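Fold and contact review
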Amino acid sequence: MRLENISGLYESSARERISLTLDAASFQEILPPSKRISSPHLKTLGMPIAFDDGIVIGEGLFEGKKVFCAAQEPGFMGGSVGEVHGAKLTGLLERAAIEKPAAVILILDTGGVRLHEANAGLIAIAEIQRALFKARSMGVVVIAISAGSNGIYGGIGIVARCCDYVLITEQGRLSVSGPEVIESQKGVEEFDARDKALVWRTMGGKHRYLQNEAQAYTKDSIENIRATIAAYFGKPVPLNLEELLRQHKSLGQRLEKFSDCADALDIWTKMGIQNPDQIPGLDDESFIVIANRVRALAGKVLEIIQNYPQRPIIILVDTQGQNLSRRDELLGNAGYLAHLSMCFELARMRGHTLISIVYKEAVSGGYLALGLIADRSFALESAQIRVMALSAMSRIMQISLERLEELCASSPIFGPGASNYVALGALDAVLANDLSSPIEQALSQSEQLDQRAKLGLERGGRKLAFEVINLVINAHV
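Residues numbered from 1 in each chain as written. Predicted model: local features only at pLDDT ≥ 70, side-chain atom pairs only at ≥ 80, totals over all residues. Heavy atoms only, no water.

1. Observations concerning the packing of helix H3 (residues 83-99) against helix H4 (residues 118-137)
- Packing of H3 against H4 leaves a shortest axis separation of 8 Å and a crossing angle of 10 degrees. With respect to each other, H3 and H4 are oriented roughly parallel. Every residue of H4 that contacts H3 at Glu83, Gly86, Leu89, Thr90, Leu93, Glu94, Ala96 and Ala97 is listed here: Ala120, Ala124, Glu127, Ile128, Ala131, Leu132, Lys134 and Ala135. (Axes fitted to C-alpha atoms, helices over the stretch in contact; angles between N-to-C directions. Helix = DSSP H or I, 4+ residues; strand = E, 2+ residues; numbered from the N terminus. Parallel < 35°, antiparallel > 145°, perpendicular 65-115°, else oblique. Contact = heavy atoms within 4.5 Å.)

Dropping the structure here:
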């Protein structure tokens, strides 16, 4: 690997990015390509595979201190998350909670869920999020970096905002829905994905830093990136009631101030910024905007934590996911969904059992923050759970709808339906007429370990996730 002529991360491969970021020759990879662990689902679709499944993980040194590091490979399926890819990252974060390195550095570059493994990819992101919170609860600083060609999108955008810190470069982007997705669903009038200036003005590094969706903004320079990472060591952000109440108040104030803005230029003008190239320093009160509905939900969770100690929380889920609009992404969908997730996580830490019941619809990022965050999850027989409609998946994946429907009959990976999520380990059960008995049984079990990968193996829906997670946790490096 020749790194002499590489000065930044943007055009580098995953392994180059890790080598550039960590101390020279210190990185030791866990589950390298020689282990031949790849996605079993891509083969079914006749798609090419990678023996690292598009993510590189391991440990090394940063200024002489032990750190864990992961980097998504932008050149393989856009850094998207499938069963094995997600399990490797989950295992690394679980290992971090045990070994407590000085930091975990996540160099993220992804479109989010890998549609070729749609349901398994969404569940994998939920497991990553839970493992991330576990590492943070042990005092491990987790740093997300957006410096790549794909940006950070989908559920991983929410995960990034659940980290202690987000570092973003001039080329970086952070959002939930990408411009192409919004345009395909709402039309070019809503979002012209070809307008690159608009894309970066809405989702790019400068805007995300100015609204504190990212805590650091830097040029794509290894020296600058390393200096910024070093400043975070030994400074974990507390995930406690005081911090979330402060954040909640700040989010509401910013929503009131900027909710009528249709473009980043309008927001910057209200902030008194005439030249966005001259970015001012930001204090703890810098602006974050969240949606009213999600903020209201988060407020209710915080109210329960304060006034009803250790009382179980039953989450009734009916969500069509995040709103696909340019304005919502401009205001920071990832931030508000992450805030809701962190409020639920604090409730779990305070002894509240979380039970989710999907009674109508559960889609994508909304389900991630509202339903898959729970300790125990159920769905009614009539519930519809999906990442995306099969017709839309067919267009994006360029696989005929007939072929996808045929695959859905033999595999729970692709298609919508609560029974598929049971097979994959994300749901405890589908409920028919009797709701009380399963819920009473769930309430009597105080176990809060994430058992979804194990259940997926036992039920035959996800055959590799549990094994890969444990291989990473127990690897000798």
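And the narrative resumes.
2. Focus: helix H7 (residues 196-203)
- Of all the residues in H7, the buried ones are Leu198, Val199, Thr202 and Met203. Relative to the axis of H7, the buried residues are bounded by an arc of 100 degrees and lie together on one face.
- As for H7, its buried residues are in contact with helix H6 (179-186), helix H8 (205-210) and helix H13 (326-331). (Buried < 20%, exposed > 50% of the residue type's maximum accessible area, 1.4 Å probe, protein only. Arc of directions from axis to C-beta.)

3. Looking at the pattern of salt bridges
- Taken as a whole and judged by the stated rule, the model has 26 salt bridges.
- Between Lys66 and Glu59 there is a salt bridge, with the nearest N and O atoms lying 4.0 Å from each other.
- Using a relative accessible area of 34% as the deciding quantity, one classes Lys66 as partly exposed.
- Residue Arg376 is joined to Asp428 by a salt bridge in which the shortest nitrogen-to-oxygen separation is 2.6 Å. With Arg376 in strand E10 (residues 376-380) and Asp428 in the loop between helix H18 (418-423) and strand E12 (429-431), this residue pair connects regions lying 52 residues apart in the sequence. (Salt bridge = Lys/Arg side-chain N within 4 Å of Asp/Glu carboxyl O.)

4. Remarks on the packing of aromatic side chains
- In this structure the tally under the stated criterion is four aromatic pairs.
- Ring geometry for Phe62 versus Phe233: centroids 5.3 Å apart, planes at 25 degrees, classification stacked. Of the two residues, Phe62 sits in strand E2 (residues 55-62) while Phe233 sits in the loop between helix H9 (222-232) and helix H10 (241-258), which places them 171 residues apart along the sequence. Of the two residues, Phe62 and Phe233, both sit in the buried class.
- With a centroid separation of 3.9 Å and 10 degrees between ring planes, the pair formed by Tyr165 and Tyr232 is classed as stacked. In this pair, Tyr165 is assigned in strand E6 (residues 165-169) and Tyr232 in helix H9, connecting sequence segments 67 residues apart.
- In this structure Tyr165 comes out as buried when scored by relative accessible area, which is 13%.
- A cation sits over an aromatic face here: Arg36 above Phe51, 4.1 Å from the ring centre.
- If you follow Arg226 out to its NZ or CZ, it ends over the ring of Phe62, 4.5 Å from the centre. (Phe/Tyr/Trp six-rings, centres within 6.5 Å; stacked < 30°, edge-to-face > 60°. Lys NZ or Arg CZ within 6 Å of the ring centre and 35° of its normal.)

5. Some points on unusual backbone geometry
- Phi is positive for Glu63, close to 50 degrees, though the residue is something other than glycine.
- Take Glu63: it is sitting in the loop between E2 and strand E3 (65-72).
- For Glu63, a relative accessible area of 53% translates into the label exposed.
- Of note in the backbone geometry, Ser364 takes a positive phi value of approximately 50 degrees without being a glycine.
- Take Ser364: it is sitting in helix H15 (residues 364-370).

6. Notes on the state of the cysteines
- In this structure the tally under the stated criterion is zero disulfides.
- Among the cysteines around Cys69, which has no disulfide bond, Cys163 carries the closest sulfur, lying 12 Å off.
- The exposure class of Cys69 is buried, given its relative accessible area of 0%.
- Sulfur of Cys163: no disulfide; nearest cysteine sulfur belongs to Cys162 and is 7.4 Å away.
- Its relative accessible area of 6% is what places Cys163 among the buried residues. (Disulfide = S-S within 2.5 Å.)

7. Regarding the nonpolar core
- Counting residues in hydrophobic clusters, the biggest one holds 104 residues, and the most contacted among them are Tyr367, Ile385 and Tyr421.
- Examining the composition of this core, we find that 12 residues originate from one element, H4, more than from any other.
- Judged by nonpolar contacts, the second largest core, of 25 residues, contains Val56, Ile145, Ala147 and Leu167. (Core = buried A, V, L, I, M, F, W, Y, C linked by side-chain atoms within 4.5 Å.)

8. Concerning the pairing of strand E8 (residues 313-319)
- The alternating pattern of E8 places Ile313, Ile315, Val317 and Thr319 on a buried face, while none of Ile314, Leu316 and Asp318, on the opposite face, is buried.
- Relative to strand E9 (residues 354-363), E8 runs parallel, the two sharing six bridges. Across the sheet, Ile313 pairs through a bridge with Leu354, a residue of E9. (Pairing = 2+ DSSP bridges.)

9. Digging into the environment of Glu243
- Looking at the secondary structure, you find Glu243 in helix H10.
- With residues up to four places along the chain from it excluded, the contact list for Glu243 reads Val237 and Pro238.

10. Some thoughts on the pairing of E2
- Counting buried residues along E2, seven of its eight residues qualify, which places the element largely inside the surrounding structure.
- Pairing of strand E1 (residues 28-30) with E2 involves three bridges; the strand directions are antiparallel. The partner of Gln28 across the bridge, within E2, is Glu59.
- Relative to E3, E2 runs antiparallel, the two sharing eight bridges. When the sheet's bridge partners are listed, Ile55 is paired in E3 with Gln72.
- With antiparallel pairing between neighbouring strands as the criterion, E2 and E3 make up a hairpin whose turn holds two residues, including Glu63 at a positive phi of roughly 50 degrees.

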